[in-house]
Amino acid sequence: MQALLPRRLDDLWEFIAGHPFHERVVESLQTTGLYTIFEHGRMQLDWSLITALVERWRSETHTFHLPTGEATITLQDVQVLFGLRVEGRAFALPHHWRGMTRAQLADMMGQLTGSRPQGDRGGSRVALSFIRDQMVDLHPDITHETEHLWIQRYTRLALLLLFGCVLFPDTSGSKVSMRFLHCLEQLDELPQYSCGATVLAYLYRSMCRASIGPAVDICGFLPLLQRIMPLQPPLPPLPLGEDYPLLPLAISIELLGQLPACCSVDRLIWSTSVPMIFWDHVEYHATERVLRQFGLPQPIPREPGWEATHYQQDDRASMDRQYIGWLQQQIAYWEDRAGRIPLPPTVLQEASIHLYAERYRCQTRMMIGNPVHVLGERYRPYAGRHEALAIRHHRIYQLGQEMQQRAHPEVVEYGRRVAQMARLTLLQARDAERLDHEPQYVAPEA
């Protein structure tokens, strides 16, 4: 995996510090359900940790492949950590918005914010600097006597800035799509959307793109990626047949009752296994692969039902009737989210629970690069080298074991020394757990 680089985003927090919201704007933002993000404020990013997690991300399963098994960011994490609602309508783009030109989008922005961007370049995106400039012009005029229309316009500008700087930043770090205006036409309807699922879908998509191919940067709501999983020291080995416990990434079950309502009101659908919609894109919330995060035993999951290269679809791709029909079906699945919560394992699945860990270890990488290797804010990934060496030492260990089954004493002694050397090497690399399993590895992708 190529090194990921941090992208310098327009600094929303410095701007707000210099232009604090009037209390009427705060009240307007609170009604949208997104003011909690403003309350969190600046969140420092650990780029080495983020890069290491993205290296563990698998686009074909939407999970991190960790030494303890699969894990992922769920709707629970989004709501518990940041108070974003996950219940609500899908964030799908209305049909008539798909064909809107830049001029039409600019006219819509002028109508909803009082500020129309000029120029024919940039497609559907507008510069964040333009939005800031408009807010600077309006800021002195926001008072207790200001007309409600202008409070709403200022609120829309603030939300566009939040979308472009924090929740849905693109890799340019300096623009935001005017298509977000479709959910800002009626501000009082914004809480009816599942903003939490939309933010998570956008982050999933960004991680899929960053984890494959020549990507050198990543976008999305990265504080969510960073806060789900604190770094832990190496776990001690467990007896054969036992597995590591895995609590929900966000918070333990005992503390859920102490959360404010905004962080737990949608808890009944946290574990639903559904497609999440962001405009015309679909990302899957595959909770059936991480049931241990919800206190359930984990059987061997079924194969994913989506294309591993789904993230290659972008906003410029044409939308034929077949794709639009498929998208409508995915939206219908989201609408049935309450009925798509994974059931307790069947008798047949229970029989396979103890096989999960062994099967998982045969299909995943057990070692990633070391985040200590940092130079000039760049992460140097050594995962490929480490994993290749670990696999070959495992096979050398197996060869030494086989040599000890021969009749000749010198061959037996030589095999014992070979196996011991391979075992000590893997112990020093903190990867000796793989010696408990047969060296059956999936061939790397070409």
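Note that the coordinates shown come from a computational prediction; the quantities given were computed from them, not determined experimentally.

Rules and cut-offs
- Residues numbered from 1 in each chain as written.
- Predicted model: local features only at pLDDT ≥ 70, side-chain atom pairs only at ≥ 80, totals over all residues.
- Heavy atoms only, no water.
- Helix = DSSP H or I, 4+ residues; strand = E, 2+ residues; numbered from the N terminus.
- Axes fitted to C-alpha atoms, helices over the stretch in contact; angles between N-to-C directions.
- Parallel < 35°, antiparallel > 145°, perpendicular 65-115°, else oblique.
- Left-handed = near helix turned anticlockwise from the far one by under 90°.
- Contact = heavy atoms within 4.5 Å.
- Nonpolar A, V, L, I, M, F, W, Y, C, P; charged D, E, K, R; others polar.
- Core = buried A, V, L, I, M, F, W, Y, C linked by side-chain atoms within 4.5 Å.
- Buried < 20%, exposed > 50% of the residue type's maximum accessible area, 1.4 Å probe, protein only.

Most of the time, phi is negative for any residue but glycine, and the peptide bond is trans. Phi angles above zero are rare outside glycine, and His62 is one such case at about 60°. Mapped onto the elements, His62 comes out in the loop between strand 1 (57–58) and strand 2 (63–66).

To continue, consider the packing of helix 8 (residues 128–138) against helix 9 (residues 148–167). The contact between helix 8 and helix 9 brings their axes to 10 Å, and the two run at 150°. The angle between the axes of helix 8 and helix 9 places the two elements in the roughly antiparallel class. Crossing hand, helix 8 versus helix 9: left-handed. Note on element contacts: helix 9 touches helix 8 through Trp150, Tyr154, Leu157, Ala158, Leu160, Leu161, Gly164 and Cys165, opposite Leu128, Ile131, Arg132, Gln134, Met135 and Leu138. Grouping the constituent residues of the contact of helix 8 with helix 9 by class yields 11 nonpolar, two polar and one charged.

Moving on to the nonpolar core. If you look at the biggest cluster of nonpolar residues, it comprises 105 residues, and the most contacted ones within it are Phe21, Ile131, Leu167, Met207 and Leu225. If one sorts the elements of this core by residue count, helix 9 sits on top with 12 residues. Discounting chain neighbours no more than four positions away, the residues touching Met207 are Val54, Trp57, Phe64, Ile73, Ile218 and Leu225. Residues Ala390, Ala419, Ala432 and Leu435 belong to the second largest nonpolar core, which totals seven residues.

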